[in-house]
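An overview of the molecular structure
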Amino acid sequence: MEKPSPPISDPLLGKPLAGWRLRLYTIIFEADTRAGRLFDQALIAVILLSIAVVMADSVQAVRLVSGHALTYAEWFFTLLFTVEYIARLLCVRQPLRYATSFFGIIDLLAVLPTYLALFVPELHALIDVRVLRLLRIFRVFKLAAYVAEYQFLVSALAASGRKILVFLSAVLMVVLVMGTMMYVVEGQTNGFTSIPTSVYWAISTVTTVGFGDITPKTDLGRLIASFMMLMGWGILAVPTGIVTAEMAAQRRTHSGQAPTTRTCHECLTEGHAADANFCFNCGARLPPYQQQAGKAS
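Residues numbered from 1 in each chain as written. Predicted model: local features only at pLDDT ≥ 70, side-chain atom pairs only at ≥ 80, totals over all residues. Heavy atoms only, no water.

1. Details of the overall build of the chain
Summing up its helical and strand segments, the chain has 10 helices and zero strands in all. Ordered by position in the sequence, the α and β elements of the chain form the string α-α-α-α-α-α-α-α-α-α. Within the chain, contacts between residues at least 6 apart in sequence are counted, and of these 59% link residues at least 24 apart. (Helix = DSSP H or I, 4+ residues; strand = E, 2+ residues; numbered from the N terminus. Contact = heavy atoms within 4.5 Å.)

Shown next as structure tokens:
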């Protein structure tokens, strides 16, 4: 009888998490344990301090007095974020998937400019290269990964996308019609030199910005402008109502479900219910839920 061949492991699935990798994953990617919460709180504090260093370094008076201290602080934060980035790659099942994800790219951008500066001897003379240092401000986007409200707001905006797109298309038609009308009524002598220029005026008017660089001079033009200004108040309220209604609907849907930071080991999707068995994004089986000692699993 022929012996069955051993199963061939798929390298794309990665190595299953166990031992220190599982413990490290739970601390870094989940916050329902004491260690996970402490890690997230410490990381948020470090991110905010690093952003403060970036802002202080942009002030010339501060840089002249504390330039060396700011440089040392920047390297300290860069090394911390480098260790964090490597630890994330080590504890996930698919490092490449994390490295190419949104937050993986943000993590890389948080440390890359400082290392690139090592290869530029005349950094102060190369303004274009100095712009790379501004990429450090991307660290602020890492905060979104640790606040559940960010995820909730993003979901509401994504669900409202089609409605807002339809609304913006209607506004676009209105400003095109009004802009063309003002071009006919006011004419080139009053600053409305072309239809695109008139549409620009219509957009700045209907959004209640009103730069004042182009203003109607005729009575009919002022009447149309007054109507557009009043209409602008109603237009600004529509997107807010759409998003608010979507957030209320999602709140009703998720009411009664305790929010968690439980993540899928396969696709790193966050926010699974405590009693879920499979990932709602990729369908993979979820590992046992690890949370603060003393709570029911």
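2. Some points on a nonpolar patch on the surface
Among the surface-exposed residues, Leu108, Leu112, Leu116, Leu118 and Phe119 lie close enough to one another that they form a single nonpolar patch of about 490 Å² accessible area. Its place among the elements puts Leu116 in helix α5 (residues 102-116). Taking relative accessible area as the criterion, Leu116 reaches 35% and is therefore assigned partly exposed. (Patch = residues over 30% accessible without salt bridge, like charges linked within 9 Å, V, L, I, M, F, W, Y side chains within 5 Å. Areas by Shrake-Rupley, 256 points an atom, 1.4 Å probe, with all protein chains shown as cover. Salt bridge = Lys/Arg side-chain N within 4 Å of Asp/Glu carboxyl O. Buried < 20%, exposed > 50% of the residue type's maximum accessible area, 1.4 Å probe, protein only.)

3. Brief notes about unusual backbone geometry
The backbone of Thr208 sits at a positive phi, close to 60°, despite the residue not being glycine. Examined against the element boundaries, Thr208 turns out to sit in the loop between α9 (195-206) and α10 (219-254). Overall, Thr208 belongs to the partly exposed group, its relative accessible area being 40%.

4. Let's talk about the nonpolar core
Buried together is how nonpolar side chains tend to be arranged in soluble globular proteins. Counting 15 residues, the largest nonpolar core has Val175, Trp201 and Met228 as its most contacted members. Within the residue set of this core, elements represented by two or more residues are α8 (161-186), α9 and α10. In contact with Val175, other than residues within four places in its own chain, are Val199, Ala202, Ile203 and Val206. With 10 residues, the next largest nonpolar core counts Ile51, Leu70, Phe81 and Val111 among its residues. (Core = buried A, V, L, I, M, F, W, Y, C linked by side-chain atoms within 4.5 Å.)

5. Description of the packing of aromatic side chains
Taken as a whole and assessed by the stated rule, the structure comprises seven aromatic pairs. Where Tyr200 meets Phe211, the ring centres are 6.4 Å apart and the plane angle is 5°; that geometry is what we call stacked. Taken together, the residues Tyr200 in helix α9 and Phe211 in the loop between α9 and α10 connect sequence positions 11 residues apart. By relative accessible area, Tyr200 is classed as partly exposed at 33%. By relative accessible area, Phe211 is classed as exposed at 58%. Three or more aromatic residues link up through ring pairs in this structure, and these residues are Tyr25, Phe29 and Tyr98. (Phe/Tyr/Trp six-rings, centres within 6.5 Å; stacked < 30°, edge-to-face > 60°.)

6. Quick look at empty space enclosed by the protein
Gaps between atoms show up when a probe of the same size as a water molecule is rolled over them. According to the stated counting rule, one finds one cavity of 30 Å³ or more in the structure shown. Approximately 50 Å³ is the volume attributed to the largest cavity. Looking at the largest cavity, the residues that line it are Leu22, Thr26, Glu30, Arg262, His265, Pro287, Pro288, Tyr289 and Gln290. Classifying every residue of the lining of the largest cavity by side-chain character gives four nonpolar, three polar and two charged. (1 Å grid on protein atoms, 1.4 Å probe; cavity = no way out; pocket = protein on both sides within 12 Å on 5 of 7 lines; lining within 4 Å. Points joined across faces, edges and corners; volume = space filled by probe spheres on them. Nonpolar A, V, L, I, M, F, W, Y, C, P; charged D, E, K, R; others polar.)

7. Observations concerning the packing of helix α2 (residues 34-57) against helix α3 (residues 60-91)
As a packed pair, α2 and α3 sit with axes 9 Å apart at the nearest point and diverge in direction by 145°. Handedness of the α2/α3 crossing: left-handed. Only Val62, Arg63, Leu70, Ala73, Glu74, Phe77, Leu80, Phe81, Glu84 and Arg88 of α3 make contact with α2, whose side of the interface consists of Phe39, Leu43, Val46, Ile47, Leu49, Ser50, Val53, Ala56 and Asp57. (Axes fitted to C-alpha atoms, helices over the stretch in contact; angles between N-to-C directions. Left-handed = near helix turned anticlockwise from the far one by under 90°.)

8. Regarding the packing of α8 against α9
The interhelical angle for the contact between α8 and α9, taken along N-to-C directions, is 120°, at an axis separation of 8 Å. With respect to α9, the element α8 is oriented oblique. In the packing of α8 onto α9, the handedness of the crossing is right-handed. Two secondary-structure elements touch here, α8 through Val175, Leu176, Gly179, Thr180, Met182 and Tyr183 and α9 through Ile195, Ser198, Val199, Trp201, Ala202, Ile203 and Val206. Grouping the constituent residues of the contact of α8 with α9 by class yields 10 nonpolar, three polar and no charged. (Parallel < 35°, antiparallel > 145°, perpendicular 65-115°, else oblique.)

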